[in-house]
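What the coordinates show
Spelled out, the chains give:
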Amino acid sequence: MSETVDKVLDYLGEKPPKLAAAPQASALKRKAATGGWAVKTQTGSRVVQGSIRAPQLPSRAVGRLAAKLSVSPEIVLYVSDISERTFQRRQANQEPLTEAESDRVLRIARVAREAERVFGNGDKASRWLSSGNRILGAKPLDLLGTDAGARDVEYELVRIDHGDFT
């Protein structure tokens, strides 16, 4: 698991997943035969053909992120493109978010964590993320639904961090 993902999981109050034991010799033979294997972790992360995938977050992570941002969970669901009904069903069945949903929630949390670092506290970061921004042309939180929008918000945070307000 990358250090960035570990820090974002810590920001959300989630424990980083622990990788399962190393594959046995028989698994290595299967890898050679099939071209790859999946290594499961305790929270659903897996390594497939050498790439690390996003951990599957428990549904409670949405509420924790909403609380950190001082917004309703519905806003986090909207930005992360998770339907409320699907989310309610996952909560009722105690199912984790899918990898794609978890990735989008982690993206929002990563940017929120960076905003908190830049502004020095969570309240200022939350206000900035939820307020209209002339340079970005929208509320930064609304832009976090796409990777391109998140990059724009991160770039703006770098500018603020370096004192470039022009």
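Reference entry: report on the structure contained in this document. By convention here, each chain's residues receive numbers from 1 onward along its written sequence. Under the rules for a predicted model, residues below a pLDDT of 70 receive no local features and side-chain atom pairs below 80 are neither given nor counted, while totals for whole chains, interfaces and linings still include all residues. Note that the side-chain values use all heavy atoms of the structure and ignore hydrogens as well as water.

1. Quick notes on the nonpolar core
The condition is simple: Within this scheme, the nonpolar core is defined by two criteria: the residues are buried Ala, Val, Leu, Ile, Met, Phe, Trp, Tyr or Cys, and they are joined through side-chain atoms within 4.5 Å. To sort residues, take the accessible area from a 1.4 Å probe on protein chains only and compare it with the maximum for the residue type: under 20% means buried, over 50% means exposed, and anything in between is partly exposed. What counts as a helix is a DSSP run of H or I of at least four residues, what counts as a strand is a run of E of at least two, and both are numbered from the N terminus. Whether two residues are in contact is decided by their heavy atoms, any of which lying within 4.5 Å being enough.
The biggest cluster of nonpolar side chains holds 35 residues, and the ones touching the most others in it are L65, L69 and L129. Sort the elements by how many residues they give to this core and helix α6 (residues 99-119) lands first, with eight residues. Not counting the four nearest positions on each side in its chain, L65 is found in contact with Y11, L12, V76, V105, I108 and A109.

2. Comments concerning the packing of aromatic side chains
As a reminder, the rule being used: In this scheme Phe, Tyr and Trp rings, the latter by its six-membered ring, pair at centre separations within 6.5 Å, and the angle between planes marks the pair as stacked below 30 degrees, edge-to-face above 60, and tilted otherwise. Lysine and arginine charges are scored as sitting over a ring when NZ or CZ, respectively, is within 6 Å of the ring centre and within 35 degrees of the ring normal.
By the definition in use, this model includes one aromatic pair. Aromatic side chains F119 and W128 sit 5.5 Å apart centroid to centroid with 40° between the ring planes, which places their arrangement in the tilted category. Judged by its relative accessible area of 22%, F119 is partly exposed. Overall, W128 belongs to the buried group, its relative accessible area being 14%. The ring of Y11 has K68 lying over it, and the distance from NZ or CZ to the ring centre is 4.7 Å.

3. Quick word on the packing of helix α1 (residues 3-11) against α6
Formally: Axis lines are fitted through C-alpha atoms, for helices just across the contact stretch, and the angle between N-to-C directions can take any value from 0 to 180 degrees. Oblique is the label for any angle not under 35 degrees, not over 145, and not in the 65 to 115 range, which are roughly parallel, roughly antiparallel and roughly perpendicular in turn.
Running from N to C, α1 and α6 cross one another at 80°; their axes reach a closest spacing of 9 Å. The pairing of α1 with α6 is recorded here as roughly perpendicular in orientation. Contacts between α1 and α6 involve T4, K7, V8, L9 and Y11 from the first element and L106, A109, R110, A112, R113 and E116 from the second.

4. Quick notes on helix α9 (residues 147-161)
How we decide: Any helix carries an expected span of 1.5 Å times its number of residues minus one.
The terminal C-alpha atoms of α9, which comprises 15 residues, lie 21 Å apart, in line with the 21 Å expected from a rise of 1.5 Å per residue. Those residues of α9 that sit buried are G149, A150, V153, E154, E156, L157, R159 and I160. In this structure, the buried side of α9 is in contact with α6, α7 (122-130) and α8 (140-143). Backbone geometry just after α9 places G163 at a positive phi near 80°.

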